[in-house]
Amino acid sequence: MRIIYLTLLSLICLNVANAQVNDKKTTINGHLTDEQQKPLEYATVGLFKASDSSLVKTAFTTPDGKFQILAINAGSYYIKVNMMGYQPYLGKSFTVAENLPILNMDAIALKQVGNTLKTVNVTAVKPLLERKADKLVMNVENSSTAVGSTAFEVLQKAPGVTVDQNENITMQGKQGVLIMLDGKPTYMSNADVANLLKNMQSSEVESIELITNPSSKYDAAGNAGIINIKTKRNKNAGANGSFNIGAGYGKNFRMNTGLNLNYRNKHINVFGNYNYGNVKRENFLSIDRIANGTPNVYFSQKTTNLRSNNSNNFKAGIDYYIDKNNIIGFLVTGYLNNTKENGDANTNMGKHFGQTDSLLVSDSKEKSKYNNFAYNVNYKSVLDTVGQEISVDLDYSNYTGNNSTYYTNRYLYADQSFIRPINYIRNSTPADIKIKAFKADYALPLGKTAKLEAGVKSSWVKTDNNLIAEELKNNDWQNDARRSNRFVYDENVNAVYASINKEFKGFSVQAGLRMEQTNSKGNLITTNNVVERSYWDFFPTVYLQKTINKDNQLGLSYGRRIDRPSYDALNPFIYYLDEYAYNKGNPFLNPQYTHNIELNYTFKQKYLLTAHYSRVNDAITQVLLPDEEKKALYQTNANLAKNVVYGVNLYVPVKIAKWWNMNNTLNTFHIIFKSPNLGGKNLENRKTALQYRMQNNFIIVDGLTAETMANYESPVDYGTLSLKSRYSFDIGFSKSLMQKKASLRLAVSDLFNISETNLKSAYPGLSYDLYQKNESRVVRLSFNYRFGKNEIKPARRRTTGTEDEQGRMKN
């Protein structure tokens, strides 16, 4: 990796030297005021070619009213200025001469619109879905049905995104989604990502970006692509902020509150937020299954869990603008979450369903504590007037957690007499995960229509998981050597990438290559079972975009990706729910590799059609398999030989009336799983499925809006699971108050209480039916108030150096 870093540094130095040839370009300086000669800040200044009125560059005025447009070639131009509350300014054409280093323009004075503005109602609301070149954006902050929900509940409404009963997140029918927050990874497994999002309120979320085929700039992890959840960050100049509070009730009470603060001036931006949530929810699970034997044994299990979450999430940071070309920033994020869960499970056993010969009655009490603190130092520099840029990120994250569970198992005959004494078990699973990462990115414009990007990254991860299992014997807690264990995992990933983007007339192409080297070591200390790996991988990406005319656009992309096993999936610990149901890890899991191809068509910038194909080799899949010896059912992860998904997605917005807008999203796909030897059986299943969402927005009166969301998912087979249809319907109302500085929102999720999960086995020779019903119908009320200065300045958006590692964490 040292050679890679030196090569990149040499490339930067070489291009800095070469950039001197561009110093002959012109810098345009200007000054903007109002009619009283007071400077106007954050106005939009556009430079246009006089010959064809095409936009050349855009700039924003500083707090003292000044603007600067860099690296302009000789030619004829004119200036346009726009600012809310002022009449647009259209300047006369002027000429930039050859070899002119600086052109100082006369001051521009804007005229105020005046009282006529009071009679005009301007509503600028982003659509629920926006299609961009490389992603689909779901705007959450203006959604009434999202009010009072958690980020996890909102994510389930995103187009093409589904969440199964084990809280695995899929996109376009594929698992392996990389979840990011504000452009950086969550550094957690699926289960912990779900837990984090459940403790994050929708009021914290600005938008959700669905990136189905990421470029080589991103980590190569994520078979199904990337879901980036952007949280709200105040963009206003001066001091400002917002406050929100909400409450909800289904079968249990829940509440949330949060505070966002921000201060900006010419040199610094200081920001922070804190959010607290208290959510109590109920979950019911029923499993009827047949264990093959002589004779067969029929199991009927009913489980009710009541879970209570207390969450504290915060973010704080500062950006310091050293000068116009250099910015340094510091960011700290964290969460401190506590969870309590009480469960009651009854398992009836007999020769037939409905005939009970014996039963197992289990009670469980669980306490969990998860803390995570992540620190980021970042620096960005514009190296010259050509537009060369370099950015550097240093990251450190420390995750600690502990889960303590206490079980009481009673083995009874049908007449309620004891088969054997009560069995008392307790588990403690302390975990510690440390992650360090370094990332550097470099960008070089090559003329007017091309751009080169390159970068390096290294990450180091160390996880230490301990399972302390004990059983009460003779009034003394004794170690259970069958289950107690300790697993330590070390991983180092080094990467280098380069990509080039070239634009032609009505056509653009981007090609990139990412190389990653992985070194890992898993050590099951108790049994001294060590698994080591070291391998290189290459990940090419290609994007083609064609603008046929203003109403028609075509895009084609290809990418190869990798998914390394999550840390919990590699952890070989066995977690017993009871004698007949348990979970275990698989330290011999291999990474999976995916080829993604996507063709998209956009009509009139609002109708979207996408065709996609992916092939996954050694697909890492969560499976439910039988333990024939114990007549038990266990859950684990396995490499299935092949997983193929191809399908079509359609998005159609319809304006039915001035007061009624409808958005329709249809995803249909065919999914295939093949594995010639899974638990000694040949698995092969295939299914065509569809998902449909219809969202309606209604303007009832000025300031009062309503929204509905209907969802349908058809049956689908996924690995060893065969899921039945799922439905839901949400409704919400929003009222603006206090001159639109505040809003009051009322929403009901799953209005008809029809959201539930039904599945059966797709594994040969295994028979079970599973039914799960969460507390899904919830009435929510929330209030949001914004305060402070309202002039808007573009916020600095950045990613950190950790796009993959946190997405695989688990205690």
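Within every chain, residues take consecutive numbers counted from 1 along the sequence as written. Totals for whole chains, interfaces and linings use every residue, but because this is a predicted model, local features are given only for residues with pLDDT of at least 70 and side-chain atom pairs only at 80 or more, for both listing and counting. To obtain the side-chain values, all non-hydrogen atoms of the structure were included, while hydrogens and water were left out.

Undergrad: Give a detailed account of the overall build of the protein, specifying residues and quantitative values.
TA: A tally of helices and strands in the protein yields four helices and 47 strands. Among the 811 residues that make up the protein, the fraction classed as buried is 52%. In what follows, residue pairs with any heavy atoms lying within 4.5 Å of each other are defined as contacts. The contacts in the protein between residues at least 6 apart in sequence include a share of 67% that link residues at least 24 apart. We get accessible surface area from the Shrake-Rupley algorithm with a probe of 1.4 Å; when it comes to residues, only the shown protein chains can shield them. Total accessible area on the protein is roughly 36400 Å²; 57% of this is exposed by carbon and sulfur atoms. Working definition: helices are DSSP H or I runs of at least four residues, strands are E runs of at least two. Numbering for both runs from the N terminus. Any residue under 20% of the maximum accessible area for its type is buried, any over 50% is exposed, and the rest in between are partly exposed; the area is computed with a 1.4 Å probe on protein chains only.

Undergrad: Please give an account of the confidence of the model for the protein that cites residues and values.
TA: For every residue, the pLDDT score states the predictor's confidence, bounded by 0 at the bottom and 100 at the top. Here the protein averages 83 in pLDDT, and 84% of its residues register 70 or above. Confidence drops under a pLDDT of 50 for residues 115–124, and excluding neighbours within four residues, the segment shows three contacts in the predicted structure. For the stretch residues 790–798, pLDDT sits under 50, and the model shows 34 contacts to residues farther than four places along the chain or on other chains.

Undergrad: Kindly report on the nonpolar core, identifying the contributing residues and their values.
TA: Nonpolar core, defined: a set of buried Ala, Val, Leu, Ile, Met, Phe, Trp, Tyr and Cys residues in which side-chain atoms within 4.5 Å join the residues together. Residues I671, L678 and Y768 are the most contacted members of the largest nonpolar core, which totals 27 residues. Contributions of two or more residues to this core are made by strand 20 (268–291), strand 36 (607–627), strand 37 (632–657), strand 38 (660–678), strand 39 (681–701), strand 41 (716–718), strand 42 (721–723) and strand 46 (767–774).

Undergrad: For the packing of aromatic side chains, give the residues involved together with the corresponding values.
TA: Any pair of aromatic rings gets described here by the distance separating the centres and the angle formed by the planes. Only centres within 6.5 Å qualify two rings of Phe, Tyr or Trp (six-membered ring in Trp) as a pair; their planes then separate them into stacked at under 30 degrees, edge-to-face at over 60, and tilted for everything else. One pass over the structure, following the stated rule, counts 20 aromatic pairs. Ring centres of F299 and Y580 lie 5.1 Å apart, and the angle between their planes is 55°; on these two criteria the pair is classed as tilted. Linking F299 in strand 21 (residues 297–323) with Y580 in the loop between strand 33 (574–578) and strand 34 (581–584), this pair joins segments that are 281 residues apart in sequence. For the pair F299 and Y580, one class covers both residues: buried. With 5.4 Å between their ring centres and 10° between their planes, Y582 and Y634 make a pair best called stacked. One end of the pair, Y582, is in strand 34; the other, Y634, is in strand 37, and 52 residues separate them in sequence.

Undergrad: Outline the side chain of D395, supporting the account with residue identities and numerical values.
TA: Tracing the backbone through its elements, the reader meets D395 in strand 24 (residues 389–413). A residue is classified by how much of its surface remains accessible, and D395, at 12% relative accessible area, is buried.

Undergrad: If you had to explain the side chain of E341 to someone new, which residues and values would you point to?
TA: Topologically, E341 is positioned in strand 22 (residues 326–350). A polar side-chain atom of E341 sits 2.7 Å from a polar atom in the side chain of R307. Other than its neighbours up to four places away in sequence, E341 contacts N305, L306, R307, S364, K365 and E366. Two N or O atoms form a polar contact when they lie within 3.5 Å of each other; inside protein one atom must be a possible hydrogen donor and the other a possible acceptor, and for residues adjacent in sequence the pair counts only when both atoms belong to side chains.

Undergrad: Got a sec to walk through the environment of E491? Specific residues and values, please.
TA: The residue E491 is located in strand 29 (residues 485–504) in this model. Given the relative accessible area of 5%, E491 is considered buried. For E491 and T463, which are 28 residues apart along the polypeptide, the C-alpha to C-alpha distance reads 8.9 Å. A distance of 2.8 Å separates the side chain of E491 from the side chain of Y489, its partner in a polar contact.

Undergrad: Lay out a nonpolar patch on the surface with the relevant residues and their values.
TA: Excluding any residue in a salt bridge, patches collect residues exceeding 30% relative accessible area, merging like charges within 9 Å and nonpolar Val, Leu, Ile, Met, Phe, Trp and Tyr side chains within 5 Å. Salt bridges are defined as contacts in which a side-chain nitrogen from Lys or Arg sits within 4 Å of a carboxyl oxygen from Asp or Glu. On the surface, Y263, V270, I318, Y320, I322, I328, F330, Y375, V377, Y379, L394 and Y396 cluster together to form a nonpolar patch covering roughly 970 Å² of accessible area. At the level of secondary structure, the elements contributing two or more residues to the nonpolar patch comprise strand 21, strand 22, strand 23 (358–382) and strand 24. With respect to the helices, strands and loops of the structure, Y379 is situated in strand 23. According to the relative accessible area criterion, Y379 is partly exposed, its value standing at 31%.

Undergrad: Can you tell me about the pairing of strand 43 (residues 726–737), naming the residues and giving the values?
TA: Strand pairing requires that DSSP identify at least two bridges connecting the strands. With ten bridges connecting them, strand 40 (residues 704–713) and strand 43 associate as antiparallel partners. Bridge pairing in strand 43 places M709 opposite D730. The pairing of strand 43 with strand 44 (residues 742–749) spans seven bridges and is classified as antiparallel. Paired with S734 across the strands is R745, a residue of strand 44. As consecutive antiparallel partners, strand 43 and strand 44 are separated by four residues, and within that stretch M738 has a phi angle of approximately 50°, a positive value.

Undergrad: So what about the pattern of salt bridges? Which residues, and what values?
TA: Going through the model one piece at a time under the given rule, you end up with 21 salt bridges. In this structure, the salt-bridge partner of R410 is D363, at a minimum N-O distance of 3.0 Å. In this pair, R410 sits in strand 24 while D363 sits in strand 23, placing the two residues 47 residues apart along the sequence. Between E684 and R686 there is a salt bridge, with the nearest N and O atoms lying 3.2 Å from each other. Classification of R686 by relative accessible area gives partly exposed; the value is 42%. Salt bridges linked by common partners bring D393, K439 and D441 together as one network.

Undergrad: A description of unusual backbone geometry should follow, citing residues and the corresponding values.
TA: We note that D618 has phi near 60°; this positive angle belongs to a residue other than glycine. Looking at the secondary structure, you find D618 in strand 36. Look at M738: it is not a glycine, yet its phi comes out positive at around 50°. When its relative accessible area of 52% is taken as the criterion, M738 is described as exposed.

Undergrad: Talk me through the environment of F752; I want residue IDs and the actual numbers.
TA: Mapped onto the elements, F752 comes out in the loop between strand 44 and strand 45 (757–761). On a C-alpha basis, the gap between F752 and S776 in space is 9.7 Å, while along the polypeptide they are 24 residues apart. When near neighbours in sequence (up to four residues on either side) are disregarded, F752 contacts F729 and R777.

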